[in-house]
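# Coordinate analysis (summary)
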Amino acid sequence: MNPSIFNTLTRKKETLRPEQANEAFKIYCCGPTVYGPAHIGNFRTFCVQDVLRRTLEASGVKVTYVRNITDVDDKTIRESMKLGMTLKDFTRKWEDKFHKDCDALNMLTPSVEPRATEHIAEQIAMVEQLVKSHHAYPTADGSVYFKISSYADYGKLSGLDTSALKTQNVNSAGDLNSADEYERENVSDFALWKGYKPSDGENFWESPWGKGRPGWHIECSAMAAKYLGESFDLHGGGIDLCFPHHENEIAQSACSLNVKSPARYWFHSAHLMVEGQKMSKSLGNLYTLDDLIAKGYTPMQVRFTLIAGHYKQQLNFTFKGLEDAKSAIFKLQKSLLQILENLKLTKEDFSEMISKDVKFDGTVFESAWNALCDDLNVPKTLGEIFTALADKSAPKTLEDVKALAGLMYALGLDIFADKQEASSESAPEEIRALAQSRWQAKKDKNFKLADEIRAQIGALGWTVLDTKDGFDLKKS
RNA sequence: GGCGUGGUAGCCAAGUGGUAAGGCAAGGCUCUGCAAAAGCUUCACUCGUCGGUUCGAUUCCGACCCACGCCUCCA
């Protein structure tokens, strides 16, 4: 079964098929701007895209996945200069951190991950092409702007009324859009190339219009065309990129490459709220992965939380939600362990089964898979998984377990990544000795002493949990 | 103002023209000294409000209320 998604361009749910049958499905996603640690809002988008890619793969489609690194823009330049670092050293540092976080969140590595600064020539070539075809014009300050009035379909993706746009001189905050600053012909014309300013420091490249640097939108168009061709299958990003970023990309590509739209499917995921509020630094509710790990949550719990809501739906991120995810994962582990035991299989066996080569048809998890293929309905998928797991009337077969492993591949949930609560081995010798003496007291039916020792252990920050024939120690 | 999304149990969240998946939390029971765990089990006559269409609407239509997002470089 081929997965479907809601295509922003057509405003319809569509089945995803590669343009050329038997060829790879080509995806381009806008990657991070590396000027600091990515936050969970960024990761919501990237995790959802990861699920899309994995689901396509599990459906038997080959995928080429390109996600760029934006390593030059106002923020990267400003922050690197503030620290006295070269732009490259600065951005590589945050790029490495981004990759570390992605790995922790069990995201697959992109097929290609191009950096904007390593594709300046391609960007300049595209801008030249646009200038030559009169879709763009240079200005006195050495910048080049795209002329949106030269492209009739501008605004089609985001449903923008361009006639209103052209006369719009005031933004939502009531401020005058500083149209004159760069001598733009029209306020809505956007920069393809930015002329050099002293505040750019050492960060500039030579171009036919003098030294400067590329505008933000052109990098994606140039790199997507280079690695995926003039037209590819799907372009993704956060909903905020729909306008103006993707709108501008379409305009650039359409006018320089002579295609209607660079991508046939446009995939946008909704934003993340935190405790009901927009996430922002000023509200102090902007979390990075490390922030959550420091609070004792695991990357897998974070991933579960980020993908558990539908991608088109705004997700309200809460710590209660993180707790819920923790319990849900634990429940999943327990049910699965029971099934594996019945089949005389181990966790390791299951881990080896996690693969994109799966058959879902005829298994108890067929409906879960169908839900995932239906516009990436992860909440329903999870519901179907739990329902199937709980259905005692259908004993699970090896094929069922393999199908579940396939679903775990698609969702990117490494279900045993989180150890089931720390166990006795990690406890200090002192605690273990105490626990041992309590166990002896208990066996001697000296419950008073046993409870005293338990209280003592509790005071030292550990909890004793009795099992059938022994005990576990847990950090409390 | 323009465009768009959503309002389903305490919280999160699917869904369908015929009377509401799932997760979390909570309650009850069983079980072991106790505790925890585990197992079993209960938990929306109701789907923002008001009208309309229909034999029948949470699901279709209209109006209204509320929340949220985008509107020039924020995933």
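### Let's talk about the packing of helix H13 (residues 378-390) against helix H14 (residues 398-411)
Axis separation between H13 and H14 bottoms out at 12 Å; the angle between their running directions is 155 degrees. One element, H13, and the other, H14, form an angle in the roughly antiparallel class. Relative to H14, H13 is oriented so that their crossing is left-handed. Where H13 abuts H14, its residues Val378, Thr381, Leu382, Ile385 and Leu389 lie against Leu404, Leu407, Met408 and Leu411. Looking at the contact of H13 with H14 residue by residue, the classes come out as 8 nonpolar, 1 polar and no charged.

### Focus: the environment of Phe232
Mapped onto the fold, Phe232 is located in strand S9 (residues 232-238). Sequence separation of Phe232 and Asp375 is 143 residues, and the distance between their C-alpha atoms is 20 Å. When residues no more than four places from it in sequence are discounted, the contact partners of Phe232 are Lys26, Tyr28, Ala224, Pro262, Ala263 and Arg264.

### Side note on helix H2 (residues 74-82)
Within the span of H2, buried status applies to Thr76, Ile77 and Ser80. For H2, the arc enclosing every buried residue in end-on projection is 95 degrees, short of the 170-degree limit, so these residues lie on one face. For H2, the secondary structure elements touched by its buried residues are helix H3 (87-104) and strand S8 (212-214). One side-chain oxygen of the residue at the start of H2 lies 3.3 Å from the amide nitrogen of Lys75, identifying that residue as Asp73. Directly after H2, the chain includes Gly84, whose backbone phi takes a positive value near 70 degrees.

### Quick look at the nonpolar core
Ranked by size, the top nonpolar core spans 75 residues in total, and within it Phe350, Ile385 and Leu411 carry the most contacts. Residues contacting Leu411, with those up to four places away along its chain left out, are Val51, Arg54, Arg303, Ile307, Leu372, Val378, Thr381, Leu382 and Ile385.

### Remarks on the environment of Lys226
Structurally, Lys226 can be placed in helix H6 (residues 216-228). Spatially, the C-alpha atoms of Lys226 and Pro114 are 9.9 Å apart, while their sequence positions differ by 112 residues. Contact partners of Lys226, with chain neighbours within four places excluded, come to His119 and Glu122. Separated by 2.9 Å, the side chains of Lys226 and Glu122 make a polar contact.

### Some words on the protein's contact with RNA strand B
Taken together, the neighbourhood of RNA strand B is formed by 48 residues, with Ser188, Gly238, Asp324, Lys334 and Arg454 sitting nearest. Of all RNA strand B atoms lying within 4 Å of any protein atom, the proportion belonging to sugar or phosphate reaches 57%. Measuring from a base nitrogen of RNA strand B, one finds a backbone N or O atom of Gly41 at 2.8 Å. Asp451 places a polar side-chain atom, nitrogen or oxygen, 2.6 Å from a base nitrogen of RNA strand B. Of all elements in the fold, only helix H1 (40-58), S9, strand S11 (272-274), helix H10 (319-342), H13, helix H15 (429-443), helix H16 (447-459) and strand S14 (462-467) reach the threshold of two or more residues within the surface near RNA strand B. When residues in the surface near RNA strand B are grouped by element, the largest group, 7 residues, is from H10. Looking at the surface near RNA strand B residue by residue, the class counts come to 14 nonpolar, 19 polar and 15 charged.

Rules used throughout
- Residues numbered from 1 in each chain as written.
- Chains lettered and ligands numbered in written order.
- Predicted model: local features only at pLDDT ≥ 70, side-chain atom pairs only at ≥ 80, totals over all residues.
- Heavy atoms only, no water.
- Axes fitted to C-alpha atoms, helices over the stretch in contact; angles between N-to-C directions.
- Helix = DSSP H or I, 4+ residues; strand = E, 2+ residues; numbered from the N terminus.
- Parallel < 35°, antiparallel > 145°, perpendicular 65-115°, else oblique.
- Left-handed = near helix turned anticlockwise from the far one by under 90°.
- Contact = heavy atoms within 4.5 Å.
- Nonpolar A, V, L, I, M, F, W, Y, C, P; charged D, E, K, R; others polar.
- Buried < 20%, exposed > 50% of the residue type's maximum accessible area, 1.4 Å probe, protein only.
- Arc of directions from axis to C-beta.
- Polar contact = N/O pair within 3.5 Å; in protein donor to acceptor, adjacent residues only side chain to side chain.
- Core = buried A, V, L, I, M, F, W, Y, C linked by side-chain atoms within 4.5 Å.
- Near = heavy atom within 4 Å.

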